[in-house]
Amino acid sequence: MAQSIETHASHGELDALAAALAERLHLHNGSPWMNTAEAAEYLRVSVRWLRQHVHQVPHSKVEGRLFFSRTQLDSWLTEKRRS
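Residues numbered from 1 in each chain as written. Predicted model: local features only at pLDDT ≥ 70, side-chain atom pairs only at ≥ 80, totals over all residues. Heavy atoms only, no water.

Peer 1: An account of the overall build of the chain is requested, with residue identities and associated values reported.
Peer 2: Check the secondary structure of the chain and you find four helices and three strands. When the helices and strands of the chain are placed in sequence order, the string is α-β-α-α-β-β-α. Every one of the 83 residues in the chain was classed for burial, and the buried ones make up 16%. Sequence separation of at least 24 residues holds for 49% of the intrachain contacts in the chain that already meet a minimum separation of 6. (Helix = DSSP H or I, 4+ residues; strand = E, 2+ residues; numbered from the N terminus. Buried < 20%, exposed > 50% of the residue type's maximum accessible area, 1.4 Å probe, protein only. Contact = heavy atoms within 4.5 Å.)

Peer 1: Any chance you could break down the confidence of the model for the chain for me, citing the residues and the numbers?
Peer 2: Looking at the chain, pLDDT values average 83 and 76% of them are 70 or higher. Within the chain, helix α3 (residues 47–52) carries the highest mean pLDDT (97), whereas helix α1 (residues 11–24) carries the lowest (72). (pLDDT = per-residue confidence, 0-100.)

Peer 1: Please set out the environment of Phe-67 residue by residue, giving values where relevant.
Peer 2: Topologically, Phe-67 is positioned in strand β3 (residues 65–69). Classification of Phe-67 by relative accessible area gives partly exposed; the value is 23%. C-alpha of Phe-67 to C-alpha of Ala-39: the two residues are 28 residues apart in sequence and 8.3 Å apart in space. Sequence-distant contacts of Phe-67, defined by excluding residues within four places in its chain, comprise Trp-33, Met-34, His-59, Ser-60 and Val-62.

Peer 1: A description of the nonpolar core should follow, citing residues and the corresponding values.
Peer 2: Among the nonpolar cores identified, the biggest contains ten residues, and these are Met-34, Ala-39, Ala-40, Leu-43, Leu-50, Val-54, Val-57, Phe-68, Leu-73 and Trp-76. Contributions of two or more residues to this core are made by α2 (36–43) and α4 (70–80). Sequence-distant contacts of Leu-43, that is, excluding residues within four places in its chain, are made with Leu-50, Val-57, Leu-73, Trp-76 and Leu-77. (Core = buried A, V, L, I, M, F, W, Y, C linked by side-chain atoms within 4.5 Å.)

Shown next as structure tokens:
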């Protein structure tokens, strides 16, 4: 039978651990914005699919370049989720 081990970590230690995990998972690159390839990877779709459906996906366009916000993509995915 496995014994439960209780540990007490400070908020600072937990924040540091979360930041290290995010960095390791490449989820935090210092910018809330992603390019098309990064957004496709984030959404787990192909770049081709994303380009074909870009009119459905929240994005910003600056000088012909597409940018995707993680926050907006998360909200969009939540709206599209089936119960």
